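Remarks on the overall topology
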Amino acid sequence: MAQDALFNPLQLGAMALKHRVVMAPLTRMRAKQPGDVPYELNAEYYGQRASEGGLLITEATDINPFTKGYRSVPGVYTPAQIAGWKKVTAAVHAKGGFIVNQIWHVGRVSHSSLQPGGVLPVAPSAIPAPGEGFNADGIAVPYETPRELTVDEIAAIKADFGQAARNAREAGFDGVEIHGANGYLLDQFLHDGSNQRTDEYGGSVENRARFLLEVVDAVVAGIGGDKVGVRLSPWSGILGMQDSTGLTLWEHVIAELGKRKIAYLHLIEPRADFTNDERPLDMDAPDVAALFKKAFGGPIISAGGFLPDTAAAAVASGKSDAIAFGRPFIANPDLPERIRNGAPLNKHNRATFYGGAAEGYTDYPFLAAAE
Ligand SMILES: Cc1cc2nc3c(=O)[nH]c(=O)nc-3n(C[C@H](O)[C@H](O)[C@H](O)COP(=O)(O)O)c2cc1C
């Protein structure tokens, strides 16, 4: 069958996957309050999407209270959060699935109202993201000019990433994915539009890549490289990402990640825009899986606007090893089964992406119920 390429086993570091239909990390802003704690509803949602030998990547998760960019995003830094995640990982493991925790720091994509003590968000340089973001009440407000991080603070964030990874393992996760994509802190360091530092963390490509690579090293030291993935979004332009070095930057970062023998590299194709369902795929955008597969040398998960047939073709061609689906996995709890059977897919409802409870979260129908 056309989709067969997606249903071959794949070893991703320590995880022996039975198929290649991966759930992409998806922020849903539904952690229990107060405390940003995962709870039964989240366990039900991830449990619904788990499958035998399938991999789920969680929504981006805060590593300390200052890494927060949106309301009701879960954390993995308090005992209550770790206990909450145990319910999620147990639900996924009960179905024979794998789950890794995506860990992030949003950097300048925050607002002082979301920060403890109302302090300004931090970033590589005091350069605001363009346009508007959300404050603690969910109201759109212009991005504030962030405060530039000191080198000591950078070291503390590295340590927090390492601790978050250990916490994730304590919570039962099979590993972590470091969020280096989509305009958040690590991506802000990579791009010279947002990083104009003059110390060892800014300037040359090597300097701008230093923070990401040091975070990777801290996390690998904490839990082992066979349990670590990294997500990048070359040429996305999201949240004001701009860079004058382009290819040289990505070649360096990806070759360095390759040397570290991590479990996988997760690349978002720049052709897709997940913030706009109407925009057609930009097929002139660079094909990043094809460009960087060799430089990385290990397994590549690709994401961005895939449908079952284009996903199978990307894996069959050898440029991607697995495909992460975002919007289709929101709307189809049994996405791998649907793809395997060539069944029709439910359409997502963008109005219920962020925040709320069960509606638009755990109430999308399974195949049997839809028939
Ligand atoms: C509601 C929503 C939330 C998202 N949250 C995250 C996130 O927390 N971390 C991340 O790396 N990407 C996030 N993304 C991007 C997706 O992981 C994925 O790359 C994107 O949706 C493109 O894949 P798709 O075309 O299959 O939807 C999000 C996308 C959507 C639609």
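Before reading further, recall that the structure is shown in the block above.
These notes cover the structure that comes with them. (Residues numbered from 1 in each chain as written. Predicted model: local features only at pLDDT ≥ 70, side-chain atom pairs only at ≥ 80, totals over all residues. Heavy atoms only, no water.)

**Digging into the site of the ligand**
- Of all residues adjacent to the ligand, which total 18 residues, the nearest are Pro25, Thr27, Arg231, Gly305 and Arg327.
- Between the ligand and proline 25, the relevant distance is 2.8 Å, taken from an oxygen atom to a main-chain nitrogen or oxygen of the residue.
- Here arginine 231 contributes a side-chain N or O atom positioned 2.7 Å from an oxygen atom of the ligand.
- In isolation the ligand offers 600 Å² of accessible surface; the protein chains occlude 97% of this area.
- Looking at the shell around the ligand residue by residue, the classes come out as 9 nonpolar, 7 polar and 2 charged. (Near = heavy atom within 4 Å. Polar contact = N/O pair within 3.5 Å; in protein donor to acceptor, adjacent residues only side chain to side chain. Areas by Shrake-Rupley, 256 points an atom, 1.4 Å probe, with all protein chains shown as cover. Nonpolar A, V, L, I, M, F, W, Y, C, P; charged D, E, K, R; others polar.)

**A few points about the pairing of strand β11 (residues 175-179)**
- Counting buried positions over the 5 residues of β11 gives 5, a clear majority of the element.
- As paired elements, strand β6 (residues 98-104) and β11 share 4 bridges and run parallel to each other. The residue of β11 that forms the bridge with isoleucine 103 is isoleucine 178.
- Note that β11 and strand β12 (residues 228-232) share 4 bridges and pair parallel. Within the sheet, the bridge partner assigned to histidine 179 lies in β12 and is arginine 231. (Buried < 20%, exposed > 50% of the residue type's maximum accessible area, 1.4 Å probe, protein only. Helix = DSSP H or I, 4+ residues; strand = E, 2+ residues; numbered from the N terminus. Pairing = 2+ DSSP bridges.)

**Considering the pattern of salt bridges**
- Scanning the model with the defined rule gives 18 salt bridges in all.
- The residue arginine 350 makes a salt bridge to aspartate 277 at a minimum N-O spacing of 2.8 Å. Residue arginine 350 is located in the loop between α10 (335-341) and α11 (367-370), and its partner aspartate 277 is located in the loop between β13 (264-268) and α7 (288-296); the two are separated by 73 residues in the primary sequence.
- Note on arginine 350: relative accessible area 27%, which makes it partly exposed.
- In the salt-bridge network here, residues are joined through shared partners; they are Asp217, Glu256, Lys259 and Arg260. (Salt bridge = Lys/Arg side-chain N within 4 Å of Asp/Glu carboxyl O.)

**Focus on the nonpolar core**
- Core analysis: the largest hydrophobic core is formed by 77 residues, its most contacted members being Ile178, Val219, Leu232 and Leu257.
- In terms of residue count, the dominant contributor to this core is helix α5 (residues 205-223) (9 residues).
- Once residues lying within four places of it in the same chain are set aside, the contact partners of leucine 232 are Gly180, Ala181, Leu190, Leu212, Trp250, Val253, Ile254, Leu257, Leu265, His266, Leu267 and Ile268.
- In terms of nonpolar packing, the next biggest core, distinct from the first, is built from 16 residues, Leu10, Met15, Phe98 and Ala303 among them. (Core = buried A, V, L, I, M, F, W, Y, C linked by side-chain atoms within 4.5 Å. Contact = heavy atoms within 4.5 Å.)

**Here's the deal with the environment of proline 344**
- Position of proline 344 among the secondary structure elements: in the loop between α10 and α11.
- Proline 344 gets classed as exposed once you look at its relative accessible area, which sits at 63%.
- Between the alpha carbons of proline 344 and glutamine 115 there is a distance of 43 Å; along the sequence they are 229 residues apart.

Note that every value here comes from positions in space, so none of it alone points to a role or purpose.
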